[in-house]
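# Observations on the model geometry
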Amino acid sequence: MIDTSSSVFWKEIFEQPQAVAACLSANRGLCRQIAEEVKARGIKTAVLVGRGSSDHANLVGRYLLEAKCGMVASISAPSVVTAYKAAPDYSNVLMIAVSQSGGAQDIYEVMKACDAQGGLCVSVTNTEGSLMTKAGKYHIYNHCGPEKSITAGKSYLTQVTVLTALAAYISGDEELLRTLDEAPAIVEKALAVLEPQVRDVVRFYRETEHLILVGRGLMDALANEAELKIQETSYLDARCYGSADYRHGPIATAQRFVPYIFLLADGHTNYCGQALLELGMLGHGIGRGVLVDVEGRVRHEFQQLGHARVVALHLAVQLGDALAVVLERGVGAVARFSLAALLLLGLGRTRARRRELGLGPARRSRSLRNRLPFRTLGVLALPRRLRFGAFVQH
């Protein structure tokens, strides 16, 4: 078993229960105040703004604001303001701008547009005094502490916590209010129970080049975040699809030996993923799937969100010898390496990548096939991501 206890990413994953507790302790009062103003002004529209992981947290917020608060919620495209120079009507909206660093210039510009029109603008960041705190009426801090890993391990879940709190206090929904009280314990239990299961199954992904994640509703938000974390840590071609959308075109690309992860933890939407899974088993080429199946209540969104990072880290460990890591992190073009150098680099794990994740030296594999970062079928072929066209932009 690979020891991950010294990994910075690993430590931050397991700091999530404390981060959620600290976030709630610091922000409950402010979230109540914002909710009271939303209700007093009769605001029925919410606009959520973010990039990357923050935008995935916003997907959770959109579902909760619409399903629990009866609001119309949308995910903003900052380019509408910054590139197209348009002026959407933000005069009576709740705008929630989310960013881990708080330094996103395009999000800041959208916030200023909301301020200028009299909308109610709220920033959610993990950095006090950042650019985004210079706009908007309310400023919420994640209080999850510094994040030193190569990919954020704590801020995303605290962003979801803030958005859940806002939805809970706007709606008065008892289930969401209970979720806030139970969230730290739910996350802690989930990490303890699910992590051994992830260790057990993730080894089957070691030699795959592609991975499909499928979810719907709250689980679609999680699938997007899991996709990003797996891409960032493992350089794996992970792609997520909504289970309702996948059968409308993308299923035509299904391949027999591509693994799938079905996220089935939302009782309202599980039926769609289960139907797709059964359809795949009947001959549509869907390969091995890992079923993440927990009792489907809203509070278990927290359970699964902590779990996604464990999957990502273990995939990074198993795929840590990917040649693409050396190229994408170390050089700007394939031309800087000779083919001989490429082949030599491919025979061992990339030490630099393991150092980034805070992992110890890799064990040597007796099998040449297990030491190569790509499948071989009698001949040695570079994976698609290493072909010259992929590096033209660099």
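First things first, this report covers the structure right here in the doc.

Conventions adopted
Residues numbered from 1 in each chain as written. Predicted model: local features only at pLDDT ≥ 70, side-chain atom pairs only at ≥ 80, totals over all residues. Heavy atoms only, no water. Phe/Tyr/Trp six-rings, centres within 6.5 Å; stacked < 30°, edge-to-face > 60°. Buried < 20%, exposed > 50% of the residue type's maximum accessible area, 1.4 Å probe, protein only. Lys NZ or Arg CZ within 6 Å of the ring centre and 35° of its normal. Helix = DSSP H or I, 4+ residues; strand = E, 2+ residues; numbered from the N terminus. Pairing = 2+ DSSP bridges. Right-handed = clockwise from strand over helix to strand, strands pointing away. Expected span 1.5 Å × (residues − 1).

## Quick look at the packing of aromatic side chains
- Counted according to the given criterion, the structure contains 4 aromatic pairs.
- Note on Tyr-260 and Phe-262: the rings are 5.9 Å apart at their centroids and 20 degrees apart in plane angle, and the pair reads as stacked.
- A residue is classified by how much of its surface remains accessible, and Phe-262, at 0% relative accessible area, is buried.
- By way of ring pairs, the aromatic residues Tyr-241, Tyr-246, Tyr-260 and Phe-262 are connected into one cluster.
- Positioned above the aromatic ring of Tyr-63 is the side chain of Arg-62, whose terminal nitrogen or guanidinium carbon lies 5.3 Å from the ring centre.

## Points about the environment of Glu-182
- For Glu-182, the position within the fold is in helix H7 (residues 174–202).
- On the accessibility criterion, Glu-182 (31% relative accessible area) is partly exposed.
- It is 9.5 Å that separates the C-alpha atoms of Glu-182 and Ala-21, two residues lying 161 residues apart in sequence.

## Some remarks on unusual backbone geometry
- Phi at Lys-85 takes a positive value of approximately 55 degrees, unusual for a residue other than glycine.
- With respect to the element layout, Lys-85 can be found in the loop between helix H4 (79–82) and strand S3 (94–99).
- The phi dihedral of Tyr-235 is positive, around 55 degrees, even though this residue is not glycine.

## What about the pairing of S3?
- Most of S3 is tucked away, with 6 of its 6 residues classed as buried.
- Burial of S3 is two-sided: the residues Leu-94, Ile-96 and Val-98 facing one way and the residues Met-95, Ala-97 and Ser-99 facing the other way are all buried.
- Here S3 pairs with strand S4 (residues 120–125) via 6 bridges, running parallel. Looking across to S4, one finds that Val-98 is bridged to Val-124.
- After leaving S3, the chain enters helix H5 (residues 105–117) and then returns to the sheet as S4, a path that is right-handed.

## Considerations on helix H6 (residues 155–171)
- For H6, with 17 residues, the first-to-last C-alpha span of 24 Å sits near the 24 Å given by 1.5 Å per residue.
- Of all the 17 residues making up H6, 16 are buried; the element is thus mostly covered by neighbouring parts of the structure.
- Following H6 by one or two positions, Gly-172 has its phi on the positive side, about 70 degrees.

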